[in-house]
Amino acid sequence: MAAHRSGPLKQQNKAHKGGRHRGRGSAQRDGKGRLALKTLSKKVRKELSKVDQRHRASQLRKQKKEAVLAEKRQLGCKDGPPHQVLVVPLHDRISLPEAFRLLQNKDTGTVHLNEWGSTHSFMLLCPRLKHRWFFTSARPGDLHTVLDMAKVADTILFLLDPLEGWDSTGDYCLSCLFAQGLPTYALAVQGVSGLPPRKQIDGRRKLTKTVEKRFPDDKLLLLDTQQEADMLLRQLANQKQRHLAFRDRRAYLFAHAADFLPSEENNLVGTLKISGYVRGQALNVNSLLHIIGQGDFQMKQIDAPMDPFPLNPRVIKSQKDPSMAMEICTPDAVADMEEDLKVLMKADPDKQESLQTEVIPDPMEGEQTWPTEEELSEANDFLKKSPRLVKKVPKGTSSYQAEWILDEDGSGGEDESDDMEHEDFIEEESQDEGSEKEEEEEYETMTVGESVRDDLYDENVNDEAEEKMLEKYKQERLQEMFPDEVDTPRDVAARIVGWYVTLHVSKVPVSVYEYFKRGAPLIAFSLLPHEQKMSVLNMVVSRHSGHTEPVKAKEELIFHCGFRRFRASPLFSQHTAADKHKFQRFLTADVALVVTVYGPITFPPASVLLFKQNSNGMHSLIATGYLLSVDPDRMVIKRVVLSGHPFKIFTKMAVVRYMFFNREDVLWFKPVELRTKWGRRGHIKEPLGTHGHMKCSFDGKLKSQDTVLMNLYKRVFPKWTYDPYVPEPVPWMKKEISLAVPEMDME
């Protein structure tokens, strides 16, 4: 009996693997370096033990704590700028002189008063606390002063009323400051001690509920006695600083002193000297400077005078009389030491930023045109004046080939004048030597042009350009040998952030200096590259709840964008993720819209405030938001809807009238799709008659009460109405109710 044999389809089972289990090492050896997909796509994280994790977290906490402490110690110390505090009373019952009297305690430190115009300020030097403050003030009704001073203040001290907290003017001021961005702030209540004891507890409870609406987690401090003022100063010195992104990326300066030197040509324009402490980033003399409300300017040089308010005054002996000594702690003493003025930097014309704001069209960027008759005649005259050479070349040689043939001595030929002088000698020599006649028959003479003569070559060489190119080659070679290495100058410090400096700003109108003398703050910001050039700004804004009047597109509005303010006529469009955005005729109150204007480039992030100037001169806040982008390619599309009515209705055909009123318009808009309010789609078949009737085809039968619509689109642009000069607003008071009927857009 034959044995059974399995067929080719028999199941093959895996063989049993005996011995110990294969570990990770053997699996990696068998893989021969191949890694799984997850290992390749994900970053390999080193797993730490619990002890190492706790140690790492402790190190991170320590580093952050040291960074915060270093920032606190630098602000207001002897090597840093003074701690600038802006005092803003939020109620008309607040006594600002009384608050300043408590802060100007002679026992706390040295006080230097400085009064200019309507703004009061003083410098407080406290060696015991190793801190120095610079206190300034601004009334909430003076909108520009409050917003400008808040841009450069390290801390804002709000003074509250013990009963109401703030009035309507203070509430409006807080709305603007919150929209612009608040730095570090503190809340102090003045007048609690003047209330009866029973009303103090009840008033404090009510005030806490009022303050929680704006400041939910902040502590209220008191400012009625000298002891409370000292505690307030300690609180201000130990606060953690909040950062504003638009000023941390730039250098900025608050002017403590200014001087004007008129130019020789015109007394209305000259050099403005601004003295103050540099904050933020390092300041470069070749960059542009923006003075808020005045425009962009160039700097000539930066000086480093002696600090007029040192924390620890030092005694300097006079060189003329060593027995005489004086303390450097007042501006008068510094004026006597102007001979020791140190020049930090001077502007380099080759590296200085230009004030050009718009692109100058280049005619050479267009298509190449045919040369004019003048250019052709100049070329012919040049060819006629160019020197000529006579060469002996083989017969049949072209003029181009003759240019490349050299004589036996290696030269390119002789001049025509030299050839005429030796012509007789060559003929006599050729008659005597009969053997050379056959060779001469195989050659011919040809006159060719020479573009450049050796003796005239140096005339076309620019020695200055050659030196510059050689210097560039040397710098490139040094960069390859020593990448990113620079030498610190011996006579100039490598940084000036926090120094007391004097900026020489060129070509400044005298009105800027007069503006400062009237008591207005003078604040300057350095510009980043290209921020003086014009472009298209796109800002996302939301309508302010306190403004109820309609705002139409292309109306002139006042913009506060970062550190700039200007007037422009914006466009409104939808804020979507699409590549085309629908134009909006009014600023709606329910959704955020994008405002598009022509303006100088400002790199985000930056806060945006929109104001509208009323007929009485006051500025009303209408919207707040932020800068979205600087993008001229963002497309704003305006839609216009044409409507018509069905005149005769068939199964899927209809005659439509009242959309157009002549035959040519029907033929022109024939490719455009039609739609109806009830959802039908269609297109124009042909015009009927000469009065604008047209036969249309739809995807279904129309109803007699339906309306035929046609959507038309076009790209729109904002108006070029940019104006960098904004008039000073009338001080803000209680809002008046307007009974005027707003004009409606009938488009």
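Located above this text is the structure these notes cover.
The present account deals with the structure reproduced in this document.

Rules and cut-offs
- Residues numbered from 1 in each chain as written.
- Predicted model: local features only at pLDDT ≥ 70, side-chain atom pairs only at ≥ 80, totals over all residues.
- Heavy atoms only, no water.
- Helix = DSSP H or I, 4+ residues; strand = E, 2+ residues; numbered from the N terminus.
- Buried < 20%, exposed > 50% of the residue type's maximum accessible area, 1.4 Å probe, protein only.
- Contact = heavy atoms within 4.5 Å.
- Areas by Shrake-Rupley, 256 points an atom, 1.4 Å probe, with all protein chains shown as cover.
- Core = buried A, V, L, I, M, F, W, Y, C linked by side-chain atoms within 4.5 Å.
- Salt bridge = Lys/Arg side-chain N within 4 Å of Asp/Glu carboxyl O.
- Axes fitted to C-alpha atoms, helices over the stretch in contact; angles between N-to-C directions.
- Left-handed = near helix turned anticlockwise from the far one by under 90°.
- Nonpolar A, V, L, I, M, F, W, Y, C, P; charged D, E, K, R; others polar.
- Expected span 1.5 Å × (residues − 1).
- Arc of directions from axis to C-beta.

What about the overall build of the protein?
Working step 1: Helix and strand content of the protein: 18 helices and 33 strands.
Working step 2: Each of the 747 residues in the protein was classed as buried or not, and the buried ones make up 39%.
Working step 3: Long-range pairs, those at least 24 residues apart, make up 74% of the contacts in the protein between residues at least 6 apart in sequence.
Working step 4: Carbon and sulfur atoms provide 51% of the accessible area of the protein, an area that totals close to 47,600 Å².

Some remarks on the environment of histidine 619
Working step 1: Relative to the helices and strands, histidine 619 resides in strand S27 (residues 619-630).
Working step 2: Note on histidine 619: relative accessible area 2%, which makes it buried.
Working step 3: Here the alpha-carbon distance between histidine 619 and proline 729, two residues 110 residues apart in the chain, equals 6.0 Å.

Some details on the nonpolar core
For soluble globular proteins, the rule of thumb is that nonpolar side chains tend to be buried together.
Working step 1: In terms of nonpolar packing, the biggest core is built from 51 residues, with Ile156, Phe158, Leu160, Phe215 and Phe611 touching the most fellow members.
Working step 2: Aside from chain neighbours lying at most four places away, what touches leucine 160 is Leu90, Ile94, Gly165, Trp166, Leu187, Ala188, Val189, Gln190, Val211 and Leu220.
Working step 3: In terms of nonpolar packing, the next biggest core, distinct from the first, is built from 27 residues, Ala258, Leu344, Val505 and Ala524 among them.

Quick notes on the side chain of threonine 155
Working step 1: Assignment of secondary structure puts threonine 155 in strand S5 (residues 155-160).
Working step 2: For threonine 155, a relative accessible area of 0% corresponds to the buried category.
Working step 3: When near neighbours in sequence (up to four residues on either side) are disregarded, threonine 155 contacts His83, Gln84, Val85, Leu86, Thr184, Tyr185, Leu236, Gln239 and Gln241.

Examining the pattern of salt bridges
Working step 1: Going through the model one piece at a time under the given rule, you end up with 18 salt bridges.
Working step 2: In this structure, the salt-bridge partner of arginine 567 is glutamate 556, at a minimum N-O distance of 3.9 Å. Residue arginine 567 is found in strand S22 (residues 564-568), and its partner glutamate 556 is found in the loop between strand S20 (534-543) and strand S21 (557-561); the two are separated by eleven residues along the sequence.
Working step 3: On the accessibility criterion, arginine 567 (18% relative accessible area) is buried.
Working step 4: For glutamate 556, a relative accessible area of 44% gives the class partly exposed.
Working step 5: Three or more residues joined by partner-sharing salt bridges are found here, namely Arg93, Asp161 and Glu164.

Quick look at the packing of helix H5 (residues 143-152) against helix H6 (residues 168-180)
Axes are the key here: two packed helices are described by the angle between their axes and the distance separating the axes.
Working step 1: At a closest axis distance of 11 Å, the pairing of H5 and H6 adopts a crossing angle of 35 degrees. Here H5 runs over H6; the crossing is right-handed. Facing Leu143, Val146, Leu147, Ala150 and Lys151 of H5, the residues of H6 in contact are Tyr172, Cys173, Cys176, Leu177 and Gln180.
Working step 2: When grouped by side-chain class, the residues that make up the contact of H5 with H6 number eight nonpolar, one polar and one charged.

Let's talk about helix H8 (residues 226-238)
Working step 1: For H8, spanning 13 residues, the distance from its first C-alpha to its last is 19 Å, which sits close to the expected 18 Å at 1.5 Å a residue.
Working step 2: Among the residues of H8, those classed as buried are Ala229, Leu232, Leu233, Leu236 and Ala237. Considered in projection along H8, the buried side chains sweep an arc of 135 degrees and stay on one side of the axis. Exposed side of H8, more than 90 degrees from the buried face: Gln227, Met231 and Asn238 are the residues found there.

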